[in-house]
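These are the residues of each chain, in order.
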Amino acid sequence: MRLTRKTALATALATLFVSAPAFAGDPIRTIDLFTRPQAAQPQEFQSVQLIAQEWRKLGLDVNVRVMPWEQMADVVWYQRDKWDTTAWQMVGRPERSDPDEIVYNLFHSSTAEKGYNFIGYNNPDYDKVVEAQRVEIDEAKRKELVYQAQEILAADQPNMMLVHPKSTFAYDKTVWNPDSVVNQSGIGIRNTWTFMSLEPLGDKRDIILNSGDNIQGINPLWISGGVDSWITELVWDRLARVGPDGLPQPWAAESYEWKDDKTLEVKLRSGMQWHDGKPVTVEDVKFSFDAVVSGEAPMYRPFATNVASIDIVDDTTMVFHLNQPAASFVTSSLAKINLIPKHVWEPIIEDLKTKEDNAESHQEATPIGSGPFKFERWLTNEEVVLAANKDHFNAPKADRWILRIVPNVEAALGMLRSGEINFVGEFSGDPQVLIDAAEADGDLNVVSTVDIGFRYVAFNARRAPFDDPAFRRALSAAVDRRLIVKAAFKGFAEASNSVVSPALEFWHDASVVENFEAGHEVAKTILEEAGYTLEGDRLHYPGDKKEELAQ
């Protein structure tokens, strides 16, 4: 075949464009992707394997790093510029029934240094929207702002949302009266209401449940993990508690009443006692809110910064004055901040102010709360035992709450069938296995619920190329969520592209999920339009950008 002069020139230019380094930046370094071990978190592990395969098809070298939860949490949370991407989860805590905690704390720039925004996302436009939704009292207008927040996140993809799992739990119905099990909206049956209400049918009176993850801390000023929060909610009371219907209701507060849009009168329930026998006072309540903004409890701080002052009126009455109207204040603050005894924590906080450490590093030998269960013992890597507080205003019907650390899900199932545990608090394996076991056993009840929480892959925006929204969009688009739902979660999940769960129907913007386009060609097009090039089989940065983090 004879080439014309014009054709030959075009061919030469095309060859030069493809191969010449002057038109491409450095090759992107090997990307680390963290996950927990398969035995402990099989759904997460398998999701990560599928994601890594799709990313490699784009020309990325992906190194899947498997590590225990404690190690992964330490690196991701405390060494915020030392990692690339990680599988992560937000658990469905009751106070997350209001979207404020998720849309504000996870992504507002003010929480990036030490708070929940551990990915370092920073978008001033997003900040304005989530600040506005906090103070918007009109529910319809607030809903529009929460929708805007979800749309900005869908465009920026600071995280790669995967699924809202259908959390599956089981219990022994020969031990516990099924009528006493409470299914909390968006949370499921593993909740504080259930643990207070479970009614023994015979002489087995201890609630014995499992966790795949270990405990990091039992600390009312540190949100140290999902499983840790099960304990926190039982040991410490709050002024309000989110009810089974997802709405807040008075708890340690006998009542609360809005006097105007920035003034809330709260009456403390009479007769409450700390677990060491001392009375719970209004001074303790005021101290609890002061402590979280003292600089020693950064993870709780965002929930109290809107409190301008608290006036103590008498032995049971307090008045909260807010800086700004706050639509979610009862749920996000009164139902969030743990009440702590001033006589225990005041000297600790004062001492910590003289040190580099904060309250998150402090572990009481015997944690003291006022909640429905009292701390009894904690054996690291083995178990946590709480005893029922029979003097509580909502005293549990069970005698003890015992958490066994069981990293292997198959072992947990075996323990349920043998009676070593009688409540499955966490089952990260194939839910169908649990359902089949229940049908074969006959003594077990299984309940599945779409969770408020979610599973996702976090991108560290502090490190290139994850500081580029186009790169994040491409990696997110590379993976069809239906594959994750089907292969990793065996159908027990809802595909996600929003941090607001479909369990929160009023706040959930379904369009950001329905309009999400995924697939290899979609991802490839996004990368090409952003200037990324494929040199051989390796993806390169756009233009003349250098790789600054290569090892």
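So, how was this worked out
Residues numbered from 1 in each chain as written. Predicted model: local features only at pLDDT ≥ 70, side-chain atom pairs only at ≥ 80, totals over all residues. Heavy atoms only, no water. Core = buried A, V, L, I, M, F, W, Y, C linked by side-chain atoms within 4.5 Å. Buried < 20%, exposed > 50% of the residue type's maximum accessible area, 1.4 Å probe, protein only. Contact = heavy atoms within 4.5 Å. Salt bridge = Lys/Arg side-chain N within 4 Å of Asp/Glu carboxyl O. Helix = DSSP H or I, 4+ residues; strand = E, 2+ residues; numbered from the N terminus. Phe/Tyr/Trp six-rings, centres within 6.5 Å; stacked < 30°, edge-to-face > 60°. Lys NZ or Arg CZ within 6 Å of the ring centre and 35° of its normal. Domains from an automatic or database assignment. Buried area = accessible area lost by both parts, 1.4 Å probe. Polar contact = N/O pair within 3.5 Å; in protein donor to acceptor, adjacent residues only side chain to side chain. Axes fitted to C-alpha atoms, helices over the stretch in contact; angles between N-to-C directions. Left-handed = near helix turned anticlockwise from the far one by under 90°. Pairing = 2+ DSSP bridges.

Student: Is there a simple way to explain the nonpolar core in this structure?
Tutor: Proteins that are soluble and globular tend to have nonpolar side chains buried together. Ranked by size, the top nonpolar core spans 111 residues in total, and within it Leu239, Phe289, Phe320, Leu334, Trp401 and Leu403 carry the most contacts. Among all residues touching tryptophan 401, those that are not within four sequence positions of it are Phe195, Ile207, Leu209, Trp230, Ile231, Leu234, Phe373, Val384, Val385 and Leu386. Ranked by size, the runner-up nonpolar core spans 38 residues in total, among them Ile28, Val48, Val62 and Leu475.

Student: What is the right way to look at the pattern of salt bridges in this model?
Tutor: Should their charged atoms come close, side chains of opposite charge can pair. Summed over the entire model, instances satisfying the criterion amount to 24 salt bridges. Residues aspartate 32 and arginine 65 are paired through a salt bridge, measuring 3.6 Å at the closest nitrogen-oxygen approach. You can see aspartate 32 sitting in strand β1 (residues 31-35) and its partner arginine 65 sitting in strand β2 (residues 62-66), a full 33 residues away along the chain. Among the residues examined, arginine 65 registers a relative accessible area of 32% and is labelled partly exposed. One salt bridge connects lysine 336 with glutamate 101, and the closest N-O pair in it is separated by 3.1 Å. Taken together, the residues lysine 336 in the loop between α10 (329-334) and α11 (342-352) and glutamate 101 in helix α4 (residues 100-105) connect sequence positions 235 residues apart. Given a relative accessible area of 1%, lysine 336 falls into the buried group.

Student: Got a minute to help me understand the packing of aromatic side chains in this structure?
Tutor: Here the distance between the centres and the angle between the planes together describe a pair of aromatic rings. The full count for this structure, using the stated rule, is 23 aromatic pairs. Ring plane angle 65° and centroid distance 4.9 Å describe the contact between tryptophan 251 and phenylalanine 393, whose orientation is recorded as edge-to-face. Of this pair, tryptophan 251 sits in the loop between β7 (248-250) and β8 (253-260) while phenylalanine 393 sits in the loop between β13 (383-388) and β14 (400-405), placing them 142 residues apart in sequence. Judged by relative accessible area, which is 31%, phenylalanine 393 ranks as partly exposed. Taking the centre distance of 5.6 Å and the plane angle of 15° together, the rings of phenylalanine 459 and phenylalanine 466 count as stacked. For the pair phenylalanine 459 and phenylalanine 466, a shared accessibility class is recorded, and that class is buried. Residue placement shows arginine 134 over the ring face of tyrosine 104; its charged tip is 3.7 Å from the ring centre.

Student: In this structure, what is going on with the domain arrangement of the protein? I would like to understand it.
Tutor: In many analyses, interface size is given as the accessible surface area lost on bringing the parts together. According to the domain assignment, the protein consists of domain 1 (26-165 + 452-541), domain 2 (174-212 + 372-442) and domain 3 (238-364). A separation of 32 Å is found between the C-alpha centroids of domain 1 and domain 3. Buried surface at the junction of domain 1 and domain 3, summed over both partners, amounts to about 1500 Å²; 58% is from carbon and sulfur atoms. A per-residue breakdown of the area domain 1 buries against domain 3 is headed by Glu95, Arg134 and Val135, which together make up 32% of the total. For the interface between domain 1 and domain 3, the tally reads 1 salt bridge.

Student: Would you mind showing me how to read the side chain of arginine 455 here?
Tutor: Along the chain, arginine 455 falls in strand β17 (residues 454-459). What makes arginine 455 buried here is its relative accessible area of 11%. Within the structure, the side chain of arginine 455 is placed 3.3 Å from the side chain of glutamine 41, a separation counted as a polar contact.

Student: Before we go on, may I ask you to explain the packing of helix α9 (residues 282-292) against α11 in this structure?
Tutor: Two numbers describe a pair of packed helices, the interaxial angle and the distance between the axes. Two elements in contact, α9 and α11, have axes whose closest approach is 10 Å; the angle formed by their N-to-C orientations is 35°. For the element pair α9 and α11, the recorded crossing hand is left-handed. Within the contact between the two elements, α9 uses Glu283, Asp284 and Phe287 and α11 uses Lys342, His343, Trp345, Glu346 and Ile349.

Student: Help me understand the sheet that holds strand β10 (residues 307-312), please; the structure alone is not making it clear to me.
Tutor: Note on sheets: strands pair through backbone hydrogen bonds, and any given pair is parallel or antiparallel. Spatially, β8-β9-β11-β10 is the arrangement adopted by the 4 strands of the open sheet, whose pairing is antiparallel. The two strands at the open ends of the sheet, each matched to only one other strand, are β8 and β10. Taken pair by pair, the neighbouring strands of this sheet meet at an average axis angle of 20°, ignoring direction. In the sheet, β10 pairs with strand β11 (residues 317-322) via 5 bridges, with the strands oriented antiparallel. Bridge pairing in β11 links aspartate 311 to valine 319. Contacts from α9 reach β9 (263-268), β10 and β11, with the element oriented near 170° to β10.

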